[in-house]
Amino acid sequence: MPSFDHEVSVQSLVDGLFSPELETRLLCVRSIKNSIIGSKAKKSSFMLMGVIPRLVSLVTDVQSSRELVCETVITIGSFAHGTPENIQAVLTSNVVPVLLKGVCQSDAELVSACIKTLRTLYLSGSAPASLVFEDSQVVKQLIALLSSSPLTAQCSALILSRATQTLEHQNALCSIGAVEALASCVQSSLPKLVHAALLCLSSLVYENKLASNVVSQAAVCDGDTMPSVITRVLSCVQCYETKFAAAQCLSYLCRTGSISYDSSVITLKVLPALVRLCKRGNDLKLKAQSAVTLAYLTEDCMELQEQAAQSDRLIPSLVASLEDRPDETSDLVGHRHFQLYDEMREGAFLALSSLSSTREDIRIKVISERVVMGHIKSGLNGDNVEVKIAAARCLRSLSRSTKLLRTAIFDAEVWKPINEMLCLRDEQCLVVATSVACNLLLSFSPSREKLLMKDVIRSISNLVSHENKNIRLNAVWALMSLAYESNREVKAQIKSTLGMSRLFELMCPDVEQSVLMKALGLTVNLVQESDEADSVMGECGRVLLNSLTAILQSSPSQDLIEQVLCVLVNISSASPTVIDMIANHEHLDTVLAEILRGEHHSIGNLMACCTVVKNMADPAVEGHVHRQNMMEDAGIKIAVQKLEKTSNPSLQATVKETLDHFSSLDLTL
Amino acid sequence: LFRRLMDELVQCGKGEFHSSWEEKIKTYRLPRSELNKVVVEYLLKEGFREAVLAFQAEAKVEPPVDMKLLEEQLKIRSAVEQGSIQEAVVLVNNVDPEILDTNSKLSFHLQHQHLLELIQHGDVEGALRFAQEELAAQGEESPEFLDELEQAMALLAYEDASTSPFSSLLERSQRLKVVSEVNAALLSSQNQEPTSILNTLMKLVVWSQHQLETKSIAFPKLTNIASGKLTSCTN
């Protein structure tokens, strides 16, 4: 900020960087450094003059003195503290590999300058994470620096925390001693170093069971365990950011199974800490991060959801955060305030989503905060994609309630933004929107009719072939929900919009089981009534039977067999033509006989199979003689007879009814 | 000081307090080494370099911070107290180039102080130019600084700035505020606590006494911090 005649001096300083005199270059770098530190406007001004690439070239120039290199790196580091455009300009100049090489030098001052600049770049979130792990020497050096001076160790830990993004990165760090080095840092008396080490540990163990085990078993002083040390930090440290970092690390260890959900560390330390950090009055960013971590910790554990929901007015606190929208008319409110508010909304929605995912009483508690549905709708309608997704996830949890589907959810008309979300390109949006649609389209949901009027069948049918398997699954599931107990017009619309050929594509044995199950479920619902079965079989009976047979021949799971048999039960209740088609299918009878003979099949599947046989053998249906002879030839009758010995009364009754149908033929003959 | 405090407490305690209190005071022993550490830490953080050296020699205590940092602090303090803010900025950047980039409040206050120095020297044109080129952008980025900027600019409306309602901005105390802020930032950047233990203890004593008074509890009150005088405080 030393001021000078700005226009002239900027140019002369930039020109000075190209001077053949070393001293002149050093003087200019220092002047630029002192000019830009503390001033984003000055940084932008120099950036527009193209000074950054020249600075980078000075660092790599072999003629540059050590002093010049250090000052230049420091100056680049100052640009990295600037606007997003400044940071982008620094990154575009390809300085990161240069700095990573600098970190491996022996000159302590140079290493310090390089590592501070790298830390700033990586904390911005824009630096390429993979570069750190491209050279194993760099990783080893960064780990070695965890044992050097506190500031350098802190920078190293922060760089590693941001650069560690994949399973490979995590495993690489574990294998070369990062955990042991971080263990020392976590026990340091310096709060900033402890904080940085905890952030690094969190990145290391996130969703990685192997890494979590390594961390949990890492040797620390006095025979203590790492989770105990981190718990002590959580309890004793005063800085809220460090408390959060400790709570986050322990939450990740819990989710990977290294700490049990019912351990006192989680129930008496971590969860209460996260709940307190979500309270009003805390720093907004910290609240948002705490809410996200709380959501993650509780999403798979009903007991923790219950404990959190009962804790310290957590739900009202989270809802109150949604109400704290910045005042647009105030001069003191800037872009950053709105950004933080959106982060808070995202965190609050995610936390509410986890808390209300399982228990009805918690859902009612959430809805009793009257403003919630309004905020969910506002989130769904907004431009911020993360908030949109989080609001939709919250809605998904709440829509698991039959009562809320019929009341608050319908009244809020959230089906409108959900319908719009089904037409977006963003995959994450589609995943969550389709999963909400599965609930909104249930037979007892009044939103179903509204969505039907908005051509939801077309929107969802378009997603059935999406490359993302979760979207495919949810789309088929939504259609299955829609087809259940629907009238003929809706089923006809599903068949014509989706197309039976596309449905059969989903009914191949090599399709992932979850999608196949739902596709079969959809088929069951489309052929529920006899006339519906007649219609489908009339159009594409052979193809359908081929698909079903192929599935049964592929050694499927019991659940899949059950679904296939449900389809067969429905279509075997149709017209004689259809029943003949089933009976005459070349391989189906063989497969049915195998099921009846197999001892490992569930009672339900055996009963379903018998019902199919019974329907085909029904003497009241024309052509039963021919069908019974065919089934006898295929060994089906004998297989059914063997089932007479079963101890299950329901199966016994079905077997008896089936054999009675065969007996009526004997009597006739 | 602490020993005198304890003696006073015992004197007060004889007449009016429980015997357990007296016992505790009599038996409590504060190690001299701990006292020495507290004293040298206070002297360092307040910038009394010569006092630190003398104390170090006499009491054979190692200073808890790098003496080099202390010397830099003194140079910066001297520059600010003399009104050479730009020199102070360069010195701060030499100690830690990241401080002013990461502490926008301190960065603004240094610039603000430079503006006040220009106004004090009667350089109206320079002040206006500086405000326009340097401070306006900061005010735009951080609206919370606008009030302070407006107060400084208001001084320009007066021929004799000492007659303006904001004339206190031109006093030495304003420079000392900036010194204090810079010191705290420098210590924090070196992983040191910005305030000394002694400072914190004194604040704790004042706060604790206030709490006891509001709860109407009798206790020996420290009424004179400099002399360590205790007065019995009853309801």
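Bear in mind the structure is a predicted one, so any value in this text is a computation, not a measurement.

What counts, and at which threshold
- Residues numbered from 1 in each chain as written.
- Chains lettered and ligands numbered in written order.
- Predicted model: local features only at pLDDT ≥ 70, side-chain atom pairs only at ≥ 80, totals over all residues.
- Heavy atoms only, no water.
- Helix = DSSP H or I, 4+ residues; strand = E, 2+ residues; numbered from the N terminus.
- Buried < 20%, exposed > 50% of the residue type's maximum accessible area, 1.4 Å probe, protein only.
- Contact = heavy atoms within 4.5 Å.
- Areas by Shrake-Rupley, 256 points an atom, 1.4 Å probe, with all protein chains shown as cover.
- Buried area = accessible area lost by both parts, 1.4 Å probe.
- Salt bridge = Lys/Arg side-chain N within 4 Å of Asp/Glu carboxyl O.
- Polar contact = N/O pair within 3.5 Å; in protein donor to acceptor, adjacent residues only side chain to side chain.
- Arc of directions from axis to C-beta.
- Core = buried A, V, L, I, M, F, W, Y, C linked by side-chain atoms within 4.5 Å.
- Phe/Tyr/Trp six-rings, centres within 6.5 Å; stacked < 30°, edge-to-face > 60°.
- Lys NZ or Arg CZ within 6 Å of the ring centre and 35° of its normal.
- pLDDT = per-residue confidence, 0-100.
- 1 Å grid on protein atoms, 1.4 Å probe; cavity = no way out; pocket = protein on both sides within 12 Å on 5 of 7 lines; lining within 4 Å.
- Points joined across faces, edges and corners; volume = space filled by probe spheres on them.
- Nonpolar A, V, L, I, M, F, W, Y, C, P; charged D, E, K, R; others polar.
- Expected span 1.5 Å × (residues − 1).

Draft legend 1. Inspection of the overall build of chain B at higher detail. Counting secondary structure elements, chain B contains 12 helices and 2 strands. For chain B, the succession of helices and strands along the chain, N to C, is α-α-α-α-α-α-α-α-α-α-α-α-β-β. A burial count over chain B gives 40% of its 235 residues as buried. The long-range fraction of contacts in chain B, counting pairs at least 24 apart against all pairs at least 6 apart in sequence, stands at 53%. In the form shown here, chain B has an accessible surface area of approximately 13,300 Å², with 53% of it arising from carbon and sulfur atoms.

Draft legend 2. Up close: the interface of chain A and chain B. With 25 residues of chain A at the interface, the matching set in chain B holds 23 residues. Between chain A and chain B, the buried area comes to about 2,000 Å², and carbon and sulfur atoms account for 51% of it. Between the two partners, chain A and chain B, sit 3 salt bridges. Residue A:R119 is joined to B:E98 by a salt bridge in which the shortest nitrogen-to-oxygen separation is 2.3 Å. Here chain A and chain B share 10 residue pairs in polar contact (both at pLDDT 80 or more) between them. Of the residues forming the side of chain A that touches chain B, the biggest block, 4 residues, is contributed by helix α3 (residues 40–48) of chain A.

Draft legend 3. Here's a closer look at helix α6 (residues 84–92) of chain A. Residue and element names in this part refer to chain A. Buried within α6 are the following residues: N86, I87, V90 and L91. Projection of α6 onto a plane perpendicular to its axis shows the buried side chains occupying an angular sector of 135°, all on one side. When the buried face of α6 is taken as reference, the exposed residues oriented beyond 90 degrees from it are P84 and T92. The first or second residue beyond α6 is N94, which carries a positive phi of 60°.

Draft legend 4. Molecular detail of the nonpolar core. In terms of nonpolar packing, the biggest core is built from 242 residues, with A:L121, A:M373, A:I376, A:M507 and A:L568 touching the most fellow members. For A:M507, the contacting residues outside a window of four places in its chain are A:L516, A:A519, A:L520, A:T523, A:L544, A:S547, A:L548 and A:I551. In terms of nonpolar packing, the next biggest core, distinct from the first, is built from 18 residues, B:V80, B:I99, B:V179 and B:L186 among them.

Draft legend 5. The packing of aromatic side chains, seen in detail. All names here are of chain A. In this structure the tally under the stated criterion is 4 aromatic pairs over all chains. Ring geometry for Y252 against Y296: centres 5.5 Å apart, planes inclined by 90°, an arrangement best described as edge-to-face. Placement of the pair is Y252 in helix α17 (residues 240–255) and Y296 in helix α19 (residues 284–298), with a sequence separation of 44 residues. Residue Y252 shares its accessibility class with Y296, and that shared class is buried. Grouping aromatic residues by their ring pairs yields a cluster made of Y206, Y252 and Y296. Positioned above the aromatic ring of Y296, the side-chain terminus of R255 is 4.4 Å from the ring centre.

Draft legend 6. Local environment of the confidence of the model for chain B. With 86% of its residues at a pLDDT of at least 70, chain B reaches an overall mean of 82. Our summary of model confidence lists the complex with pTM equal to 0.84 and ipTM equal to 0.78.

Draft legend 7. Examining the layout of surface pockets more closely. Considered as a void within the structure, the second largest pocket measures approximately 1,200 Å³ in volume. Among the secondary structure elements, those contributing two or more residues to the lining of the second largest pocket are α2 (22–36), α5 (66–79), α8 (108–123) and α11 (150–163) of chain A together with α5 (67–81) and α6 (85–95) of chain B. Its residues assigned to classes, the lining of the second largest pocket comprises 15 nonpolar, 16 polar and 13 charged.

Draft legend 8. Quick peek at the environment of B:E141. Here B:E141 lies in helix α9 (residues 124–141). Separated by 41 residues in the primary sequence, B:E141 and B:L100 place their C-alpha atoms 15 Å from one another. The residues touching B:E141, leaving out its near neighbours within four places in the chain, are A:K40 and A:A41.

Draft legend 9. Spatial organisation of the environment of A:S356. All names here are of chain A. Looking at the element boundaries, S356 is found in the loop between α22 (335–355) and α23 (360–367). Using a relative accessible area of 0% as the deciding quantity, one classes S356 as buried. C-alpha of S356 to C-alpha of Q305: the two residues are 51 residues apart in sequence and 7.6 Å apart in space. Once residues within four sequence positions are removed from consideration, S356 is found in contact with I362, R363, V366, S397 and L398.

Draft legend 10. Representation of α5(A) within the structure. All names here are of chain A. Given a rise of 1.5 Å per residue, 14 residues ought to cover 20 Å, and the 20 Å separating the end C-alpha atoms of α5 matches this to within 8%. Counting buried residues in α5 gives 11 out of 14 residues, a clear majority hidden from the surface. For α5, the set of buried residues is L68, V69, C70, E71, T72, V73, T75, I76, G77, S78 and F79.

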